Amino acid sequence: MISVVLDVVGGLLLVVGLGLMTIALVGVLRMPGTYSKLHAQSLATGPGVCCVLASSVATENAATISYAAVGIVFTVLTAPVASHAIARAARRRGAPAEPR
Amino acid sequence: MIGILLRVLALTGLYLLIVSSTKPGDIATGVVLAALVVAVGRRRREASAPTSARATLRRLAGVPALIGGTLVDVVTGSAQVIRCCLRRPPDPGLVWLPTGPTSPASFAAWGIRLGITPNTVVVDVDEERGAVLVHVLDAHDPETVRDEQMASYRRRQQRVFP
């Protein structure tokens, strides 16, 4: 029973994660300007990647799940830094936008 | 003392997750390595006012609200970004978020919270002014953006990272 539940949860998380990444791809192509594209990109590198990694619960393998947990922790800590570095570089290179 | 124990515990947990093992030898190695890292970190850190155990426990009590609140922010932020990806962003722009965190650790935590939420991108930090420059997808009313972010900071983070 537990195995079936984990399969369903894992499958749902995988579908949600891949869906978020697909929408993020559409956003990166459609959004205007560097900063706006970064919003779409952070949808993929944050919730998208975390959902895909969390779908590892379906494997029921402790080693795989623990690696995925470490991956989620480091993704949560590093993705904002990468996004900030790109945004800061864009501002220094003169990306058009005045603070309000 | 509680803070030191928690750091050692957290680092040991991280080590055990990486080696993916709960054998006694691995646990002992993890504890020794974690204690070393914490000891080196304490030596390098500047002397600061000692915090009482009660204050540490009060801060720890705010952690569930911090994690849960950040998750709520991530879900609502993701929904907004999804809407903007499929249509066009209403009025993207840069907004200064003044005041808020006062310590470097608090600034870092605030930056990570803002960064992990897809509807805000941290562009610049002004530690002297205590302000963060963020890019938001709907900046037609900057005051509302500031009020929302400050309310989120006070409600979710201030207790843990004042």
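Not measured: the values here are computed from a predicted model.

### A short note on the overall build of chain B
Each helix and strand counted, chain B has 6 helices and 3 strands in total. In summary, chain B has a C-alpha radius of gyration of 19 Å against a globular reference of 15 Å for 162 residues, an excess of more than 25%. When the backbone C-alpha atoms are referred to their principal axes, chain B occupies close to 55 × 35 × 25 Å. Expressed as a percentage of its 162 residues, the buried residues of chain B come to 39%. Taken together, the 19 basic and 13 acidic charged side chains of chain B have centroids lying 12 Å from each other.

### Section: the pairing of strand 3 (residues 131-136) of chain B
Residues and elements named next belong to chain B. Most of strand 3 sits out of view: 6 of its 6 residues are buried. Covered by surrounding structure in strand 3 are Ala131, Leu133 and His135 together with Val132, Val134 and Val136, the residues of both alternating faces. When strand 1 (residues 93-97) meets strand 3, the two strands line up antiparallel, connected through 5 bridges. By the bridge assignment for strand 3, Val95 is matched with Val134. As defined by bridge partners, strand 2 (residues 120-126) adjoins strand 3 across 6 bridges and the pair is classed as antiparallel. In the sheet register, Val122 faces strand 3, and the bridge partner there is Val134.

### Remarks on the UniProt feature "transmembrane region" (unreviewed entry) in chain A
As recorded in UniProt, the sites labelled "transmembrane region" (unreviewed entry) are residues 6-28 and 65-87 of chain A. End C-alpha atoms of residues 6-28 of chain A are separated by 32 Å, and the span's content is 100% helix alongside 0% strand.

### Quick look at the state of the cysteines
Residue and element names in this part refer to chain B. Within this structure, the stated rule accounts for 0 disulfides over all chains. As a non-bridged cysteine, Cys84 has Cys85 as the owner of its nearest cysteine sulfur, 7.2 Å distant. For Cys84, a relative accessible area of 6% translates into the label buried. For Cys85, a relative accessible area of 0% gives the class buried.

### What about the interface of chain A and chain B?
Size of an interface: often given as the accessible area lost when the parts come together. The partner chain B presents 39 residues to the 34 residues of chain A that form the contact. Remark: the boundary between chain A and chain B carries 2 salt bridges. Of the charged contacts, one joins Arg88 of chain A and Asp124 of chain B as a salt bridge, the two residues approaching to 3.5 Å between their closest N and O atoms. Taken together, the connections running from chain A to chain B amount to 7 residue pairs in polar contact (both at pLDDT 80 or more). Contributions of two or more residues to the side of chain A that touches chain B are made by helix 1 (2-30), helix 2 (34-54) and helix 3 (62-92) of chain A. Ranked by the residues each element gives to the side of chain A that touches chain B, the list is headed by helix 3 of chain A, at 15 residues. A per-class count over the side of chain A that touches chain B returns 22 nonpolar, 7 polar and 5 charged.

### Topic: unusual backbone geometry
Most peptide bonds are trans, and most residues other than glycine sit at a negative phi. The phi torsion at Glu60 of chain A lies on the positive side, around 55°, for a residue other than glycine. A positive phi angle is found at Ser20 of chain B, which is not glycine, with a value near 55°. Here Ser20 of chain B is to be found in the loop between helix 1 (2-19) and helix 2 (24-44).

### Brief notes about the pattern of salt bridges
It is possible for side chains of opposite charge to pair when their charged atoms get near one another. Inspection of the entire model under this criterion finds 5 salt bridges over all chains. Each of the salt bridges in this network shares a partner with another, and the network as a whole consists of Arg88 and Arg91 of chain A together with Asp124 of chain B.

### Digging into the confidence of the model for chain A
When the pLDDT values of chain A are averaged, the result is 90; 96% of them are 70 or greater. The lowest-confidence element of chain A is helix 3 of chain A, averaging 90 in pLDDT; the highest-confidence one is helix 1 of chain A, averaging 93.

### Focus on the nonpolar core
Counting 13 residues, the largest nonpolar core has Val95, Leu97, Trp110, Leu114, Val132, Val134 and Val136 of chain B as the members making the most contacts within it. Elements with a minimum of two residues in this core: strand 1, helix 5 (104-116), strand 3 and helix 6 (142-157) of chain B. Excluding residues that lie within four positions of it along the chain, Leu97 of chain B makes contacts with Trp110, Leu114, Gly130, Ala131, Val132, Val134, Val145, Arg146 and Gln149 of chain B. Core analysis: the next-biggest nonpolar cluster, separate from the first, contains 12 residues, Ala40 and Leu43 of chain A together with Val81 and Cys84 of chain B among them.

Thresholds, definitions, all that
- Every chain is numbered independently, its residues counted from 1 as its sequence is written.
- As they are written, the chains are lettered A onward and the ligands numbered 1 onward, keeping that order.
- Restriction of local features to residues with pLDDT of at least 70 applies here, the model being predicted, together with a cutoff of 80 or more for giving and counting side-chain atom pairs; totals for whole chains, interfaces and linings are based on all residues.
- Only hydrogens and water are set aside; all other atoms, that is, all heavy atoms of the structure, feed into the side-chain values.
- Secondary structure follows DSSP: runs of H or I at least 4 residues long count as helices, runs of E at least 2 residues long count as strands, and numbering of each begins at the N terminus.
- The size measure is the radius of gyration over C-alpha atoms, and the globule rule it meets is 2.2 Å times the number of residues to the 0.38 power.
- Burial classification: accessible surface area is computed with a 1.4 Å probe over protein chains only, and a residue below 20% of its type maximum counts as buried, one above 50% as exposed, and the rest as partly exposed.
- Just so you know, the count uses Lys and Arg for positive and Asp and Glu for negative, and it drops His and the chain ends.
- All charge positions are set by atom: Lys at NZ, Arg at CZ, Asp at CG, Glu at CD.
- DSSP-based pairing: two strands are paired if at least 2 bridges between them are found.
- UniProt positions are given in the numbering used here, feature names are shortened, and annotations may be inferred rather than shown by experiment.
- Here, a disulfide means two cysteine sulfur atoms that sit within 2.5 Å of each other.
- Residues count as neighbours in contact if any of their non-hydrogen atoms are within 4.5 Å of one another.
- Salt bridges are identified by distance alone: a Lys or Arg side-chain nitrogen within 4 Å of an Asp or Glu carboxyl oxygen.
- In protein, a polar contact requires one atom able to donate a hydrogen and another able to accept it; more generally it is a pair of N or O atoms within 3.5 Å, and residues adjacent in sequence count only if both atoms are side-chain atoms.
- Classes in brief: Ala, Val, Leu, Ile, Met, Phe, Trp, Tyr, Cys and Pro nonpolar; Asp, Glu, Lys and Arg charged; the others, Gly included, polar.
- Confidence per residue, as judged by the predictor, is encoded in pLDDT with a range of 0 to 100.
- Here, nonpolar core means buried Ala, Val, Leu, Ile, Met, Phe, Trp, Tyr and Cys residues that are tied together by side-chain atoms lying within 4.5 Å of each other.

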